[in-house]
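Now for the letters of each chain:
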Amino acid sequence: VGEQHLSGDTLISRGDRAVYRRLAAGEGGVLLHLDTAAYHGVNEFGTVVWDRLERPMTLQDLLDDLGRELRDAPPTWRDDVRGFIQDLSDRDLLTLTQAPPDRPEGQS
Amino acid sequence: VTTQEPSSGSVLTSQVRAAGSCHGFQVRSSLPLDLLREPLPAGDWDELMVERADHDVSEPTVAPIREWLPAPGKPFSARLYATTGGFGMWIDGVGGYVIDPTRSIISVPPDIPSALAESRLWGVPSVLMFLRSGHLSLHAAAVQIEDRAVLLTAPGRHGKTTLAAAFHQAGFRLLSEDLCRVNTEAEPSVFPAAAMLRLRHDVRTGLGALPSTEVVFEDEQRVHLGVTGERRGGGTPVPIAAVVTLHIGTGPPVLERIDAVDAVRDLWSLSFNLPTDADRARCFLGVSSIAASVPVWRLTRALSFDALPAVIDRIATTCVT
């Protein structure tokens, strides 16, 4: 997908070159790219998103899933998630592909 | 504990001239070693046999997997190779170390003083032996305060060894001057390294008398001191109370807690890993584990001998509570 606009059908997967470690409660987590050895910190919300991506899922499913659980989230949280996904994709820590068109109803 | 006998067998078949511990290894050696700690108590410790090669080994002609180039004040040049049985490390002016983690043997170069061979032995060659245990190698000094350890991490020329020497001078036990083997499991701990201090000549002069030390080797750059007597102590791991990252500034020392994400950034750059996915991941997870479970502090202080007592006092009274 690269520079393409993220859509609800965009399938998000963890990059196979990423190593992740959750830190202590309230301290977020850290990500390493194995090829570049570049290191990235993520905040608590970032760790929630990363945990959700244990299995590949579409952006729409991810937003729906988070929306059911988030309490007192700022009104911009959906934009924050999109920005986070795009940022990690730009760093090759997430892989974005187009979801197959024949997905069953209710799993868009 | 390794029980296989090496095919060359020189350590097992020739006279054992040294026995003790270092970096968590129960060490036996056919050459005299002056920097070992007391032997480890009975238990399931890693074993390490050190022998002197009976002839020079040719340096491989393939590309090294790591290379160290000389830096200002540190004319150290070396190359690390992956070999069939493990690793080979060639240090300019010293020779080749053959490291065999499977058989737990390190062979040091012939025809160099034992003290020089030992000083280099407890650097990268011994690290390559303990990486397979999953433990972390950190570029850090370590001192014992009460019954726990404080790691002092920094790149070269940031006063790490000087501060460690000052702790020794003030009566604290020196656990390591430059490189630490860290067990990152539930309660992180550090294994005492070689009982040595390698000080630049100007630093040794500036520090003044260092009790319970003796000169074991000296070259143009540094004097290598061995810690003597009871100050040396045993080799059992010491629980880590804190990690202090050293920074250079001006004015009175400032000691502040840093969050875990910043701590990982600092420690990651000071850890040693092999250029493989598995080892890089192991190292990163180890660093993250330390940052998640041990308080990490940032110390900014002037690099002066006069500041050392205040720095020691701040660390001793703040980081071990």
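Relevant structure appears above.
Keep in mind that this is a model prediction, so the values were computed, not measured.

Each value, and the rule that gives it
- Residues numbered from 1 in each chain as written.
- Chains lettered and ligands numbered in written order.
- Predicted model: local features only at pLDDT ≥ 70, side-chain atom pairs only at ≥ 80, totals over all residues.
- Heavy atoms only, no water.
- Helix = DSSP H or I, 4+ residues; strand = E, 2+ residues; numbered from the N terminus.
- Buried < 20%, exposed > 50% of the residue type's maximum accessible area, 1.4 Å probe, protein only.
- Contact = heavy atoms within 4.5 Å.
- Pairing = 2+ DSSP bridges.
- Axes fitted to C-alpha atoms, helices over the stretch in contact; angles between N-to-C directions.
- Phe/Tyr/Trp six-rings, centres within 6.5 Å; stacked < 30°, edge-to-face > 60°.
- Lys NZ or Arg CZ within 6 Å of the ring centre and 35° of its normal.

### Examining the side chain of Ser107(B)
Residue and element names in this part refer to chain B.
- In this structure, Ser107 sits in strand β8 (residues 105-108).
- On the accessibility criterion, Ser107 (9% relative accessible area) is buried.
- Setting aside residues up to four positions removed in sequence, Ser107 forms contacts with Glu51, Arg52, Ala53, Gly96, Tyr97 and Val98.

### With respect to the sheet that holds β8(B)
Residue and element names in this part refer to chain B.
- Strand order in this open sheet of eight strands is β1-β2-β3-β8-β7-β6-β5-β4, and the pairing throughout is mixed. The sheet is open, and its two edges are formed by β1 (18-22) and β4 (66-68), each paired on a single side. Going from strand to strand, the sheet's axes swing by 20° on average, the running direction of each strand aside.
- The pairing of strand β7 (residues 95-100) with β8 spans three bridges and is antiparallel. Pairing of Ile99 across the sheet is with Ile106, part of β8.
- The sheet strands contacting helix α2 (residues 114-121) are β3 (46-52), β6 (86-91), β7 and β8, and the helix crosses β7 at an angle near 50°.

### Quick look at the packing of aromatic side chains
Residues and elements named next belong to chain B.
- Using the criterion set out here, one finds six aromatic pairs over all chains in the structure.
- Centroid distance Trp268 to Phe284: 5.4 Å. Interplanar angle 85°. Geometry classified as edge-to-face. One end of the pair, Trp268, is in helix α6 (residues 260-268); the other, Phe284, is in helix α7 (residues 277-293), with 16 residues separating them in the sequence.
- Among the residues examined, Trp268 registers a relative accessible area of 12% and is labelled buried.
- In this structure, Arg181 is placed above the aromatic ring of Phe25, and the distance from its NZ or CZ to the ring centre is 5.1 Å.
- Sitting above the plane of the Phe191 ring, Arg181 keeps its charged end 4.7 Å from the centroid.

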